[in-house]
Amino acid sequence: MAALMTSLDSQVHCRICPFCEQNCATLVTVDPATRRVLTVRGDKDDPLSKGYICPKAYALKDLHHDPEMLTGPMMRRGGRLEPVTWDEALDFTAQRLSELQRDHGPNAIASYFGTGLTHVPGLALYAPLLLTTLGSNQVYSASSVDSHAHFMATASMFGGLASMPIPDIDNSDYFVLIGANPLQSNGSFLTAPGVPWRLRAIQARGGKVVVIDPRRTETAEMADWHLSIRPGADAILLLAIAHVLFERNLVDLGELADHASHLDELRTIALRFTPEIASAACGIPVEDIRRLAQELAAAPRACIYGRIGSSMQQFGSITNWLIIAINAMTGNLDQPGGSMFPRGVFEAILFSERYRDGSIPYGRWHTRVSHLPELGAQLPCAAMMEEMDTPGEGQVRGLITLCGNPVLSTPNGGGRLTRAVEGLDFVLSFDIFINETTRHADVILPSPRCLEHSDFMVVYPFFTVRDYIRWNAAVFPASAGSMHDGDIMCELVARLRGITARQADDLALEMLYDQLRDQGNPVAARISFAEAKACLSEQHGQDQMFELLVRSGPYGDHFGENAAGLTLEKLKSMPHGVDFGPMQPRIAEVIHLPDGKIDLAPDAIVRDLPRFERWLAEEKPAGLQLLGRRHMRSFNTWMHNLPSLAKGPNPCTLLMNPADAHVRQIADGQMVRIRSRTGSVEVPVELTDEIRSGVVSLPHGWGHDDPLVPGQQRAKARAGVNYNLLADETLLDVPSCNTNLNAIPVEVVPLAAPSVQT
Ligand SMILES: Nc1nc2c(c(=O)[nH]1)N[C@H]1C(S)=C(S)[C@@H](COP(=O)(O)OP(=O)(O)OC[C@H]3O[C@@H](n4cnc5c(=O)[nH]c(N)nc54)[C@H](O)[C@@H]3O)O[C@H]1N2
Ligand SMILES: Nc1nc2c(c(=O)[nH]1)N[C@H]1C(S)=C(S)[C@@H](COP(=O)(O)OP(=O)(O)OC[C@H]3O[C@@H](n4cnc5c(=O)[nH]c(N)nc54)[C@H](O)[C@@H]3O)O[C@H]1N2
Ligand code: SF4
Ligand SMILES: [Mo]
């Protein structure tokens, strides 16, 4: 436990902010005697975040002191969750999981991974051990809510999910954001702490920021150009941009010319969709579409970046395919200032599935009830509830949630999903709070407090704009009664497999090394597992797994072969992290399709065009469409009870254009009922012309009014409503089965007279 410096009786420690994908570096000042956190501030010496933090970082202190955070296991007894010993909880869990699989088959247990998993290294590294042990194909995650459309594009165009192009924001001159609002979200699939700073830097060096969003968001406000688009119409806009590029002979693949296939097919498709057709469907004037295409082609270093507004929508796969294709057509894919592929300090360990046995990692198996395809070994979570509540052979009887709250975060979550979870025989949650989902658990197995374990990025290196890594020591020793995540997993797997926890740990390490070898890691191909293991300084747990990754990675010491390379020892002496520089062109390494080329017109997505064209030909419904939004001081579902964030006016309001309010006789601040096919909620309205007429916006993650969730008084005082009661599980992007949580058709009716303060 190396403190960076000491002054009187306080110590300053380098730590990673555990809340979002930016992984900002912080300096946490603590009093070791009382185990109290005194302050949290940005770490100016960190080469990636350079001192940037957002207001959520301060909540690290609240989290550390949260009296409601679970630190020991909980088990249901007489209908109530009560503290038990680790042995009781683990024995009972192993017994129930084994019984369910014995009686109903391996697929009787479903798992759901939440976003939290990507910030808890022990769980991210050891979850594969549990999954392999269970051998169930019922695996779900929040990524089929927000990322599957992106992964569908990378799987089908490059043959690998992890071949994810990331905007080279620091070198771009022309940056187009589609369905992303990093001024509130800080960015996603773009780990570049201080995205707001970096966007302003584009403008400061004479470049241009363009935002395509149905709302004039905070990012649109600072941008040079905002194009207000009809929700779900990005695909037609992008087809028209491609059309203009082909029509005007502006297509130039540059260095990629020898690395791409099916450009002719893409041309044939794009030439069918003129800017005139697009304008009528997406609501953006023809001249703006033409200008955008021409500016993209003319800018020396341009990049289109799409995030959840581009994926969590009806044509997410087509949209994400075209974003990558246009970046390629304008010579900006795999080029500085364009969209590039992070190499990272080690291989991607999650979402690492690749082309194999003659197919992309897609549709190799399907859900039982609606026959929806897996993608990267995960099934779409829109199907989770029907797999649970539809009787028959193969019905799901048990659920494991890992760092997620699907009742609030997945479609029809508070409705049909909740009822389906109530009907299960066993629910296990790896979580630190009793929330709307985990209150249904039979057993909860919590992590230690965040500052009580070592920390490092495991998932985000392959989304990061620079090859960067840091390892930070635990600030405090583990408190009595808590257990490290890796140990919890190994103890559980030991019971399931009839081996010792030590053997389970060795197995996890060996599985990781096998995975690296399987992914073509040259070090793992050369050096045997036994030889590699013999070189490790760590003998157990998440640090040993991390050491294996770093030392076999491109900058590693390759277990002694490359003495100047990175080791865990060296990282321990560099608590501010180490930066190996910006992304570099590396296209050949990220294409896994057999012909070695990027597929610019991938079949698996192109075959969705008839559905898209039917939508294009349809009369568009006149009613309102519901979209989401995010706020800087909130994070998904789980930070609403932390004191430093749980203050200020109620952010859970419905944004509505005054014209739409006028025809419905709704006044600013008035309570309204929003109704969709699946449910209804009541919220106050906020009138604003920042939102397009015909569209309304409500934040997600709220709805803390479940009386059976104990405590959480601050969250309950500003409960808000569960957006996903309105979200229809049958609305999907068809190829990827990404849920479509945007552009949900809703009715909004006024309730009481305008009196409620928003
Ligand atoms: N309508 C609508 N729905 C959405 C979205 C939207 O924009 N609109 N966004 C979607 C997106 S992008 C996502 S990623 C999902 C998120 O969906 P989820 O991942 O299901 O929800 P989170 O609130 O991020 O859940 C994080 C969980 O991790 C737990 N946790 C935190 N720290 C730890 C720890 O150290 N150990 C353990 N074991 N657990 C911990 C928290 O208590 C919480 O339960 O929501 C999606 N849902
Ligand atoms: N403060 C905060 N930060 C977060 C989170 C949080 O909950 N709070 N969640 C984190 C997570 S899990 C994620 S995945 C990221 C997401 O990061 P972002 O993708 O930046 O998420 P949002 O801020 O919701 O921005 C999505 C935008 O898409 C727009 N949009 C909706 N539908 C459409 C459409 O059809 N077309 C277009 N062009 N735009 C559309 C919305 O109006 C909205 O402005 O944020 C992460 N960061
Ligand atoms: S942007 Fe904010 S929440 Fe995200 S890692 Fe940085 S400080 Fe933490
Ligand atoms: Mo997300």
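Read on for an overview of the structure. (Residues numbered from 1 in each chain as written. Chains lettered and ligands numbered in written order. Predicted model: local features only at pLDDT ≥ 70, side-chain atom pairs only at ≥ 80, totals over all residues. Heavy atoms only, no water.)

Here we look at the nonpolar core
One finds Leu199, Ile236, Ile241, Trp321, Phe430 and Phe612 to be the most contacted residues of the largest nonpolar core, which totals 172 residues. When residues of this core are assigned to their parent elements, the largest contribution, 11 residues, is made by helix α9 (residues 234-247). Residues Ala142, Met312, Leu626 and Ala727 belong to the second largest nonpolar core, which totals 48 residues. (Core = buried A, V, L, I, M, F, W, Y, C linked by side-chain atoms within 4.5 Å. Buried < 20%, exposed > 50% of the residue type's maximum accessible area, 1.4 Å probe, protein only. Helix = DSSP H or I, 4+ residues; strand = E, 2+ residues; numbered from the N terminus.)

Quick word on the site of ligand 1
Around ligand 1, the structure places 30 residues, and the nearest of them are Thr115, Ser409, Asp431, Ser447 and Thr637. Thr115 places a main-chain nitrogen or oxygen 2.6 Å from an oxygen atom of ligand 1. Between ligand 1 and Thr637 there is a distance of 2.6 Å, counted from an oxygen atom to a side-chain nitrogen or oxygen. Notes on ligand 1: free accessible area 920 Å², of which the protein chains cover 96%. Contributions of two or more residues to the shell around ligand 1 are made by α4 (143-146) and α16 (406-409). By residue class, the composition of the shell around ligand 1 is 15 nonpolar, 12 polar and 3 charged. (Near = heavy atom within 4 Å. Polar contact = N/O pair within 3.5 Å; in protein donor to acceptor, adjacent residues only side chain to side chain. Areas by Shrake-Rupley, 256 points an atom, 1.4 Å probe, with all protein chains shown as cover. Nonpolar A, V, L, I, M, F, W, Y, C, P; charged D, E, K, R; others polar.)

Comments concerning the sheet that holds strand β18 (residues 398-402)
Read across the open sheet, the 7 strands follow the order β6-β5-β20-β19-β18-β7-β8; overall the sheet is mixed. Each edge of the sheet is formed by a strand with only one pairing partner; in this case those strands are β6 (80-83) and β8 (139-141). Where β18 lies against strand β19 (residues 426-430), 5 bridges are found, and the strand directions are parallel. Paired with Leu402 across the two strands is Phe430, which belongs to β19. Running at roughly 165 degrees to strand β7 (residues 109-113), helix α3 (residues 121-134) makes contact with β7, β8, β18 and β19 of the sheet. (Pairing = 2+ DSSP bridges. Contact = heavy atoms within 4.5 Å. Axes fitted to C-alpha atoms, helices over the stretch in contact; angles between N-to-C directions.)

Topic: the pattern of salt bridges
Applying the stated criterion across every chain yields a total of 45 salt bridges. A salt bridge links Glu295 to Lys208; the shortest N-O distance between them is 3.1 Å. Placement of Glu295 in helix α12 (residues 286-298) and of Lys208 in strand β11 (residues 208-212) is noted, with a sequence separation of 87 residues between them. The closest approach of N and O atoms between Glu295 and Arg291, which form a salt bridge, is 2.9 Å. On the criterion of helical spacing, the pair formed by Glu295 and Arg291 is a turn pair, its members being 4 residues apart in helix α12. One continuous salt-bridge network, built from bridges that share partners, spans Asp389, Arg416, Arg677, Asp728 and Glu729. (Salt bridge = Lys/Arg side-chain N within 4 Å of Asp/Glu carboxyl O.)

As for the site of ligand 2
What surrounds ligand 2 is a group of 30 residues, the closest being Ser185, Asp213, Gly232, Asp234 and His631. Side-chain polar atom of Lys56 to a nitrogen atom of ligand 2: 3.3 Å apart, as the coordinates give it. Backbone polar atom of Ile212 to a nitrogen atom of ligand 2: 3.0 Å apart, as the coordinates give it. For ligand 2, the protein covers 98% of the area, taking 920 Å² as the surface of the free molecule. Breaking the shell around ligand 2 down by element, the ones donating at least two residues are α6 (182-185) and α13 (308-311). Split into classes, the residues belonging to the shell around ligand 2 amount to 10 nonpolar, 14 polar and 6 charged.

So, the state of the cysteines
Taken as a whole, this structure holds 0 disulfides when the rule is applied. Cysteine Cys737 is unpaired, with the sulfur of Cys381 as its nearest cysteine sulfur at 11 Å. Owing to a relative accessible area of 2%, Cys737 belongs among the buried residues under this scheme. (Disulfide = S-S within 2.5 Å.)

Describing the packing of helix α11 (residues 275-282) against α12
Interaxial distance between α11 and α12 falls to 8 Å at its minimum, and their mutual angle equals 115 degrees. Between α11 and α12 lies a crossing of right-handed hand. Facing α11, whose interface residues are Pro275, Glu276, Ala278, Ser279 and Cys282, α12 presents Val286, Ile289 and Arg290. The class makeup of the residues in the contact of α11 with α12 is 5 nonpolar, 1 polar and 2 charged. (Left-handed = near helix turned anticlockwise from the far one by under 90°.)

A short note on the sheet that holds strand β26 (residues 624-627)
Strand-to-strand pairing in sheets goes through backbone hydrogen bonds, with the strands running parallel or antiparallel. Read around the barrel, 6 strands follow the order β26-β30-β27-β29-β28-β31 and close on themselves; strand pairing throughout is mixed. Each adjacent strand pair in this sheet contributes to an overall mean axis angle of 45 degrees, direction not counted. Judged from the 5 bridges that link them, strand β28 (residues 671-675) and strand β29 (residues 680-687) form a sheet pairing that is antiparallel. Across the sheet, the residue bridging to Arg675 is Ser680, located in β29.

Looking at the packing of aromatic side chains
This structure, assessed with the given rule, holds 19 aromatic pairs. Here Phe273 and Phe612 contribute two aromatic rings whose centre-to-centre distance is 5.8 Å and whose plane-to-plane angle is 65 degrees, an arrangement assigned as edge-to-face. With Phe273 in the loop between α10 (263-270) and α11 and Phe612 in helix α26 (residues 609-617), this pair connects stretches of sequence that are 339 residues apart. Assessed through its relative accessible area of 2%, Phe273 is described here as buried. The exposure class assigned to Phe612 is buried, which follows from its relative accessible area of 0%. Both rings, one in Phe315 and one in Phe612, keep their centres 5.3 Å apart while their planes meet at 90 degrees; by these two values the pair is edge-to-face. Placement of Phe315 in the loop between α13 and α14 (316-329) and of Phe612 in helix α26 is noted, with a sequence separation of 297 residues between them. Like Phe612, Phe315 is buried. These aromatic residues form a ring-pair network of at least three members: Phe151, Phe189, Phe351, Tyr460, Phe462 and Phe463. The lysine or arginine in question, Arg307, covers the ring of Phe189, its NZ or CZ lying 3.9 Å from the ring centre. (Phe/Tyr/Trp six-rings, centres within 6.5 Å; stacked < 30°, edge-to-face > 60°. Lys NZ or Arg CZ within 6 Å of the ring centre and 35° of its normal.)

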